[in-house]
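Here are the chains, one letter per residue:
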Amino acid sequence: MKRLVVLGAGESGAGAAVLAKVKGFEVFVSDMSKIKDKYKELLNKYQIPWEEGQHTENLILNADEVVKSPGIPNNAPMIEKLKAQGTSIISEIEFAGRYTNAKMICITGSNGKTTTTSLIYHIFKSAGYNVGLAGNIGQSLALQVAEKNYDYYIIELSSFQLDNMYDFRANIAILMNITPDHLDRYDYKMQNYVDAKFRITQNQTEEDAFVFWNDDPIIQKELSKYGLKARLYPFAEIKENGVIAYTDNNKVYFDAPIAFNMEQEELALTGKHNLYNSLAAGITANLSGIRKEIIREGLMTFKGVEHRLEKVANVKGASYINDSKATNVNSCFYALQSMKTPTILILGGKDKGNDYNEIKELVKEKCVGLVYMGLHNEKLHQFFDPIGLPVRDVQSMKDAVQACYEMAKPGDTVLLSPCCASFDLFKSYEDRGEQFKACVKAL
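Residues numbered from 1 in each chain as written. Predicted model: local features only at pLDDT ≥ 70, side-chain atom pairs only at ≥ 80, totals over all residues. Heavy atoms only, no water.

Novice: Is there a simple way to think about the overall build of the protein chain in this case?
Specialist: What the protein chain contains, in helices and strands, is 17 helices and 20 strands. Computed over its C-alpha atoms, the radius of gyration of the protein chain comes to 22 Å, within 12% of the 22 Å expected for a compact globule of 443 residues. Counting across all 443 residues of the protein chain, residues that qualify as buried make up 56%. Within the protein chain, counting contacts between residues at least 6 apart in sequence, those at least 24 apart form 66% of the total. Counting 51 positive and 55 negative side-chain charges, the protein chain places the averaged centre of each group 2 Å from the other. (Helix = DSSP H or I, 4+ residues; strand = E, 2+ residues; numbered from the N terminus. Rg over C-alpha atoms; globule rule 2.2 N^0.38 Å. Buried < 20%, exposed > 50% of the residue type's maximum accessible area, 1.4 Å probe, protein only. Contact = heavy atoms within 4.5 Å. Lys, Arg positive; Asp, Glu negative; His and termini not counted. Charge placed at Lys NZ, Arg CZ, Asp CG, Glu CD.)

Novice: Teacher, can you tell me more about the packing of aromatic side chains here?
Specialist: One pass over the structure, following the stated rule, counts 17 aromatic pairs. Ring geometry for Tyr150 versus Tyr153: centroids 5.6 Å apart, planes at 90°, classification edge-to-face. The exposure class of Tyr153 is buried, given its relative accessible area of 1%. Measuring from ring centre to ring centre gives 5.6 Å for Phe333 and Tyr334, while their planes differ by 80°; the resulting arrangement is edge-to-face. Residue classification places Tyr334 among the buried residues on the basis of a relative accessible area of 8%. Through a chain of ring-to-ring contacts, three or more aromatic side chains come together here, namely Phe198, Phe210, Phe212 and Tyr226. (Phe/Tyr/Trp six-rings, centres within 6.5 Å; stacked < 30°, edge-to-face > 60°.)

Novice: Before we go on, may I ask you to explain the sheet that holds strand β5 (residues 88-90) in this structure?
Specialist: Each strand in a sheet pairs with its neighbour through backbone hydrogen bonds, running either in the same direction (parallel) or in the opposite one (antiparallel). Strand order in the open sheet formed by five strands is β3-β2-β1-β4-β5, and the pairing between neighbours is parallel. Each of the sheet's edge strands pairs with one partner strand only, and the pair in question is β3 (50-52) and β5. Across the sheet, the mean angle separating the axes of adjacent strands is 20° when strand polarity is ignored. Sheet topology places strand β1 (residues 3-7) next to strand β2 (residues 26-31); five bridges connect them, and they run parallel. Each residue of the ladder has a partner; that of Arg3, found in β2, is Glu26. (Pairing = 2+ DSSP bridges. Axes fitted to C-alpha atoms, helices over the stretch in contact; angles between N-to-C directions.)

In short, the description is geometric, and any link to function would need to be established separately.
Have a look at this one:
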């Protein structure tokens with residue numbers, strides 16, 4: 001009996017352990033942190049041994065193969081020891097892919113992947129397809145493969161998940177964009193991050209499709225490097241260079257494989273970044289044989305994603321918007337770009353090697369105040385203070401919302417779009433967004 005060790009007992013780790021158990025492996029789960037009760041219950045239900053708060057070497061180094069949770073860096077001490085002895089280390093997605101023949105529709109990108117993934121899933125569900133939602137969103141792919149039987153999986157993939165995928169194949173791979181993010185995990189080398197993103201295309205054949213944003217300068221520069229075999233389906237705002245989804249005269253066009261169009265104002269999602277999300281989703285549904293009438297309806301009825309430009313409340317004439325999912329500068333750029341009224345921006349958190357120059361002009365143009373929220377705001381002060389806007393320093397969400405309340409005038413927008421990871425003050429970007437909503441509603 002092969003021994004599989006799972007490092008990290010979050011959503012992906014617990015799911016991988018269950019799948020391994022179902023497939024007859026000897027399984028052990030180890031997490032350096034405390035394991036959430038719901039995952040303990042799942043592991044216990046399947047009689048899988050686990051430990052928390054430590055990694056016991058003799059129970060890990062004897063593994064035939066290791067499934068590593070995406071949050072564990074590749075240079076973690078235990079990972080280094082496993083690599084030194086030649087133990088195979090894979091991701092949960094790689095492991096799950098071995099045990100299903102379902103079609104894999106995989107979405108990555110620095111920004112827009114959660115919205116695009118959710119939108120594609122919405123269209124597939126509307127079409128009556130037998131489909132699962134997995135990856136960075138929903139239940140883990142491994143747990144669904146263990147307990148369910150879907151024909152399609154719509155999978156959001158982070159660069160961390162792509163890092164330890166080797167034989168996994170995406171039938172449709174979607175790359176929304178590439179901008180600097182997570183550089184702290186990639187030796188502060190942009191090329192390492194770019195290579196991780198393009199791993200979504202590895203193992204694709206001539207039968208597969210690669211959907212991508214044609215106007216992304218990094219994608220264009222890198223396209224020729226990876227020996228792509230899949231059919232290419234580029235999208236862009238305007239028709240150019242073989243683009244098959246685009247806008248023209250306030251209409252959205254899809255030229256292949258089945259040509260159709262719709263009024264741009266009918267799209268449920270607004271803003272330029274959401275136009276790209278809709279184009280990518282429309283192409284994907286079209287490639288998957290979904291009727292154009294259903295694609296149109298899905299693009300018109302989608303409700304959006306929590307923590308992504310989510311309207312929270314209007315307080316004394318000021319609008320409050322939760323964009324906690326903006327964990328990098330480019331994501332904040334798109335949020336600011338969509339603002340139509342004077343904006344007070346809450347930003348800050350765990351900096352990942354951010355370059356704020358990308359939003360500098362938009363901050364000057366759109367913002368009337370800045371609230372820095374984090375334990376270490378020195379970089380924010382150094383970059384943004386010379387612009388001359390009113391600035392407040394806070395170290396809790398309650399204080400951030402109170403500061404905005406005091407600064408906001410009727411007609412202003414308060415935007416939480418932090419540019420940074422949440423881990424200095426919050427458990428996750430979801431926790432940060434939930435706290436923001438609760439504090440706003442308590443005003």
